[in-house]
Amino acid sequence: MTLWLGDGDMDKFVIQKSSLKGEIKISGSKNASLPIMAATLLTDEECRISGVPNLADIRTMIKILEVLGKNIEFDNNVLIIRQKDKKSYVTPYRLVRTMRASFCVLGPLLARRKKAKVSLPGGCVIGVRPVDLHIKGLRELGAKIAIQKGYCIGEAKSLRGKHIFLGGPFGSSVLATANVLMAAVLARGETNIEYAACEPEIVNLALFLKKMGARIKGEGTPLITVEGVDSLGGADFKVIADRIEAGTFIAMALATGSNLTISGANPFHLTSVIETARKMGADIICKNSRINVKPKRVLSPVNITTLPYPGFPTDLQAQFMACLCLADGISMITEKIYPDRFMHVAELNRMGAHIQRSGPYAIIEGKKKLFGAEVMASDLRASAALVAAGLVAEGKTQILRIYHIDRGYEKLEDKLKGLGAKIKREKQ
Ligand code: EPU
């Protein structure tokens, strides 16, 4: 397990039962921003990316790009990325171990700098998380890749387009698709990526690459076709809103029985989540980029299976489990992306939930109440689930190790306070 200490390394949240009300504006997407930032390695021209959330993971990617020779300004959610004279191709372990998404610099480095030495990410609390599909795809494009002393060392004198099958035992892979796509845009000839991830973050990356001059078709479907070009230019681009942050606020509305309006998000990126929330008894009205959530007093139980997009996202599994702890009956969650992503189960049970886990399944017996306790955040999304549970639990909840939250939720406690939540950040 990688232990990462960020802004809130020694902070905790202290939460009291609250009801929420009002409107919340969703930040730009972390998981769209990270590969788009890596894609700037494909050009020496200036790129301007707006809507980038100010998060620990984004600051880690900034450090990585700086090590690789980029000069970066980050102000007011706008990144300006320029090339310095010095160019490197080495991404050290000290940076990659803090964030697995760092590995998506491999494709752009091979494509543009013809060489890469990128530390392999280690294990992770949500599962094994291998990178075999990334390496397979890049090798098929012609890169020579060796694993030595924990590093992935690659050379790519010339990349050539290929028909690549990128499916793995759990279906498509988001960042493997991103890595192979970013390499294919500068490969000679046509590349077809079959079993490509269809996530909105991949569509956003493809749109950014197209703005840089790449020729891509089929993004958002399982078959992406790329016609390689000789070079790419700079681009000015805005990232999409964070669908997982929006889904987390839907879960918070459900858990606390509060009427919330979530603005700035794309409801079409959340169809499976909205469908599930409706089955749980919420009245949801979507108008343009506003999602109005009115939950009923007692939630109905549902069965949820996490799947690649457009299925229910694994990144919202924990938050919805927190809601189902209070449903009127028995629910089942099947985790098909990360079968071990259940660290939050024990913590929710410490708050009075009744959840039994067996392999990739969790059976949740709804209870009338949860009770505040001292609990430990284990990963980003599990931490958000504990915040949702803390907002509805009787008494005081203290969530330790909230540096996980700072990796992926921009100003979470300020946003919640604005909705009326009783939440404080304190030293641990
Ligand atoms: N997989 C393989 N081989 C590979 C790559 C993936 O078997 O080479 C497996 C994984 O172990 C998993 C499945 O394929 O079972 C899907 O994983 P995927 O590669 O899609 O995950 P990822 O690209 O590493 C991104 C998000 C995660 C999110 C997953 C799934 C970013 C930066 N990360 O990770 O987000 O859970 O897709 O949707 O985009 C988070 O934000 O909290 C987070 C963990």
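Residues numbered from 1 in each chain as written. Predicted model: local features only at pLDDT ≥ 70, side-chain atom pairs only at ≥ 80, totals over all residues. Heavy atoms only, no water.

Honestly, the overall build of the protein in this entry has me stumped. Any pointers?
If you tally the helices and strands in the protein, you get 14 helices and 24 strands. What you see for the protein is a C-alpha radius of gyration of 21 Å, in line with the 22 Å of a compact globule of 428 residues. Taken along its principal axes, the extent of the C-alpha atoms in the protein is 65 × 45 × 40 Å. Residues counted as buried form 60% of the 428 residues belonging to the protein. Of the contacts formed within the protein by residues at least 6 apart in sequence, a portion of 73% connects residues at least 24 apart. (Helix = DSSP H or I, 4+ residues; strand = E, 2+ residues; numbered from the N terminus. Rg over C-alpha atoms; globule rule 2.2 N^0.38 Å. Buried < 20%, exposed > 50% of the residue type's maximum accessible area, 1.4 Å probe, protein only. Contact = heavy atoms within 4.5 Å.)

Help me out: how do you make sense of the packing of helix α10 (residues 317-324) against helix α12 (residues 380-392) in this one?
A pair of packed helices is characterised by two quantities: the angle between their axes and the separation of those axes. Running from N to C, α10 and α12 point in directions that differ by 25 degrees, and their axes come no closer than 7 Å. Between α10 and α12, the interaxial angle falls into the category roughly parallel. Crossing of α10 against α12: the hand is right-handed. On α12, the residues that touch Ala318, Gln319 and Ala322 of α10 are Arg381, Ala382, Ala384, Ala385, Ala388 and Ala389. Here the contact of α10 with α12 is composed, by residue class, of seven nonpolar, one polar and one charged. (Axes fitted to C-alpha atoms, helices over the stretch in contact; angles between N-to-C directions. Parallel < 35°, antiparallel > 145°, perpendicular 65-115°, else oblique. Left-handed = near helix turned anticlockwise from the far one by under 90°. Nonpolar A, V, L, I, M, F, W, Y, C, P; charged D, E, K, R; others polar.)

Honestly, the packing of helix α6 (residues 174-184) against helix α7 (residues 200-212) in this entry has me stumped. Any pointers?
For the pair α6 and α7, the least separation of the axes is 10 Å and the interaxial angle reads 15 degrees. Classified by the interaxial angle, the pair formed by α6 and α7 is roughly parallel. The handedness of the crossing between α6 and α7 comes out as right-handed. Residues Val174, Thr177, Ala178, Leu181 and Met182 of α6 form the contact with α7, whose own contacting residues are Ile202, Leu205, Ala206 and Leu209.

Please clarify how the site of the ligand should be interpreted in this entry.
Neighbouring the ligand are 23 residues, the closest being Asp132, Leu133, Ser173, Asp315 and Ile337. Arg129 places a side-chain nitrogen or oxygen 3.1 Å from an oxygen atom of the ligand. In the model, an oxygen atom of the ligand is placed 2.9 Å from a nitrogen or oxygen of the Tyr338 side chain. Protein burial of the ligand: of its 830 Å² of free accessible surface, 91% is covered by the chains. (Near = heavy atom within 4 Å. Polar contact = N/O pair within 3.5 Å; in protein donor to acceptor, adjacent residues only side chain to side chain. Areas by Shrake-Rupley, 256 points an atom, 1.4 Å probe, with all protein chains shown as cover.)

Just checking my understanding: could you explain helix α2 (residues 56-67) for this structure?
For an α-helix, 3.6 residues make a turn, and residues three or four places apart therefore share a direction. Its twelve residues give α2 an end-to-end C-alpha distance of 17 Å, which sits within 8% of 16 Å, the value for a rise of 1.5 Å per residue. Buried within α2 we find Ala56, Asp57, Ile58, Thr60, Met61, Ile62, Ile64 and Leu65. For α2, the elements touching its buried residues are α1 (30-39), β4 (70-75), β5 (78-83), β6 (90-91), α3 (93-96) and α13 (403-408). Two residues or fewer past α2, Gly69 is found with a positive phi of approximately 105 degrees. (Expected span 1.5 Å × (residues − 1).)

What is the right way to look at the sheet that holds strand β10 (residues 163-165) in this model?
Strands sit in the order β10-β11-β13-β12 across an open sheet of four strands; the sheet is mixed. The outermost strands of the open sheet, each flanked by one partner alone, are β10 and β12 (215-217). Averaged over all neighbouring strand pairs, the angle between strand axes comes to 15 degrees, with direction disregarded. Sheet topology places β12 next to strand β13 (residues 223-227); three bridges connect them, and they run antiparallel. The residue of β13 that forms the bridge with Arg215 is Glu227. (Pairing = 2+ DSSP bridges.)

What am I meant to see in the packing of aromatic side chains here?
What describes a pair of aromatic rings is the distance from one ring centre to the other and the angle between the planes of the rings. The tally for this structure, following the rule as stated, stands at three aromatic pairs. Measuring from centroid to centroid gives 5.6 Å for Phe165 and Tyr195, while their planes differ by 75 degrees, and the two rings are edge-to-face. Taken as a pair, Phe165 in strand β10 and Tyr195 in the loop between β11 (190-194) and α7 lie far apart in primary sequence, 30 residues in all. Classification of Phe165 as partly exposed rests on a relative accessible area of 40%. On the basis of relative accessibility, which here comes to 37%, the residue Tyr195 falls in the partly exposed class. (Phe/Tyr/Trp six-rings, centres within 6.5 Å; stacked < 30°, edge-to-face > 60°.)

Is there a simple way to explain a nonpolar patch on the surface in this structure?
A surface patch of nonpolar side chains, about 350 Å² in accessible area, is lined by Ile330, Met332, Tyr361 and Ile363. Elements with a contribution of two residues or more to the nonpolar patch: β19 (330-335) and β21 (361-365). In this structure, Ile330 sits in strand β19. Classification of Ile330 by relative accessible area gives exposed; the value is 56%. (Patch = residues over 30% accessible without salt bridge, like charges linked within 9 Å, V, L, I, M, F, W, Y side chains within 5 Å. Salt bridge = Lys/Arg side-chain N within 4 Å of Asp/Glu carboxyl O.)

Where do I start with the pattern of salt bridges in this structure?
Between side chains of opposite charge, a pair can form when the charged atoms approach closely. Within the structure shown, the criterion is met by 25 salt bridges. Across the salt bridge formed by Lys87 and Asp44, the nearest N and O atoms sit 2.9 Å from each other. Here Lys87, found in the loop between β5 and β6, pairs with Asp44, found in the loop between α1 and β3 (47-50); they are 43 residues apart in sequence, far enough to count as distant. When the shortest N-O distance is used, the salt bridge between Arg243 and Glu201 registers 2.8 Å. Placement of Arg243 in helix α8 (residues 243-256) and of Glu201 in helix α7 is noted, with a sequence separation of 42 residues between them. Residue classification places Arg243 among the buried positions, given a relative accessible area of 9%. What emerges from the salt-bridge pattern is a single network uniting Asp11, Asp406, Glu413, Arg425 and Lys427.

What should I look at first to understand the state of the cysteines in this one?
Inspection of the entire model under this criterion finds zero disulfides. There is no disulfide at Cys47, and the cysteine sulfur nearest it, in Cys104, is 15 Å away. The closest cysteine sulfur to the non-disulfide-bonded Cys152 is located on Cys104, 13 Å from its own sulfur. (Disulfide = S-S within 2.5 Å.)

Would you mind showing me how to read the side chain of Thr43 here?
Inspection of the secondary structure assignment puts Thr43 in the loop between α1 and β3. On the accessibility criterion, Thr43 (1% relative accessible area) is buried. Within the local environment of Thr43, its side chain forms a polar contact with the backbone oxygen of Leu232, the two atoms lying 3.0 Å apart. If we skip the residues at most four places from it in the chain, Thr43 touches Lys70, Gln83, Arg112, Met212, Leu232, Gly233 and Gly234.

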